[in-house]
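# Structural characterization, general
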Amino acid sequence: MKRNVLVWILLMMAVIVEAQTATQLLDKSAATLRAAGNVKIGFTMEVEGGTSTGYIKLQRQKFVVNVGGSITWFDGKTMWTYVKANEEVNVTTPSADAVAKMNPYAFLSFYKNGYTVKMGKGTAKEHEVLLTGKSGSPYTNVVVRINKSTQYPTLIKMTSSKGAVTTIRCNSFLKNQKYKDTTFRFNKKNYPDAEIVDLR
């Protein structure tokens, strides 16, 4: 009986240590990303069999995302989403959750609420962290791969509660970029034919 209890305690300690290591990896990756200053990340996104390439420019909480014929600007308060196919721009004041879904700074910290974390198999060059959503979490499973050398995330694979899978692969990473405030705002002059739909 005592031996069984000891084994159980050792197993629980191993699980706790593993969870701490996985959490520490995500914390370190997020800190490294923030320390890189203003960045531009090139990526490939796969959603339901379709593949698009694009980029995201980041300056703290501000960002602009260009992918799949759509461009989204966020200046810290207002979000503009332009869809080329119908020449329309939706203007909103997004919730914190909406911003978190698009901003890697916020995304790399979302695991702190509603998810359990553990180490995956990984490779010689990458760590792998597995996240499992608790009840009410928007994603049931998330896989994050982190480059062991740079500490930058290289892949994020998310499975929603409805079973939809989104995979984002980071292909390039430029740090210490210089951006103007206008970089993160929609400019009507560049899209003269776009219809603006204000949803605020």
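Above this text is the structure in question.
This text gives an overview of the structure that appears in the document. (Residues numbered from 1 in each chain as written. Predicted model: local features only at pLDDT ≥ 70, side-chain atom pairs only at ≥ 80, totals over all residues. Heavy atoms only, no water.)

## Here's the deal with the pairing of strand β11 (residues 165-174)
Both strand β1 (residues 39-47) and β11 contribute to a ladder of eight bridges, which runs antiparallel. Paired with Thr44 across the two strands is Arg169, which belongs to β11. By the bridge criterion, five bridges tie strand β10 (residues 153-160) to β11 in an arrangement that is antiparallel. Paired with Leu155 across the two strands is Arg169, which belongs to β11. Linkage of β10 to β11, two consecutive antiparallel strands, is achieved through a turn of four residues, within which Gly163 is found at a positive phi near 95°. (Pairing = 2+ DSSP bridges. Helix = DSSP H or I, 4+ residues; strand = E, 2+ residues; numbered from the N terminus.)

## Observations regarding the pattern of salt bridges
Pairing between side chains becomes possible if they bear opposite charge and their charged atoms approach one another. Considering all chains together, one arrives at five salt bridges under this definition. We note a salt bridge from Asp181 to Lys62, for which the minimum N-O separation is 3.4 Å. Remark: Lys62 occurs in strand β3 (residues 62-67) and Asp181 occurs in the loop between β11 and β12 (195-198); sequence separation between them is 119 residues. The salt bridge partner of Asp75 is Arg185, with a shortest N-O separation of 3.6 Å. On the criterion of sequence distance, the pair formed by Asp75 in the loop between β4 (70-74) and β5 (79-83) and Arg185 in the loop between β11 and β12 is long-range, its members being 110 residues apart. Of the residues examined, Asp75 reaches a relative accessible area of 19% and is grouped as buried. Judged by its relative accessible area of 37%, Arg185 is partly exposed. (Salt bridge = Lys/Arg side-chain N within 4 Å of Asp/Glu carboxyl O. Buried < 20%, exposed > 50% of the residue type's maximum accessible area, 1.4 Å probe, protein only.)

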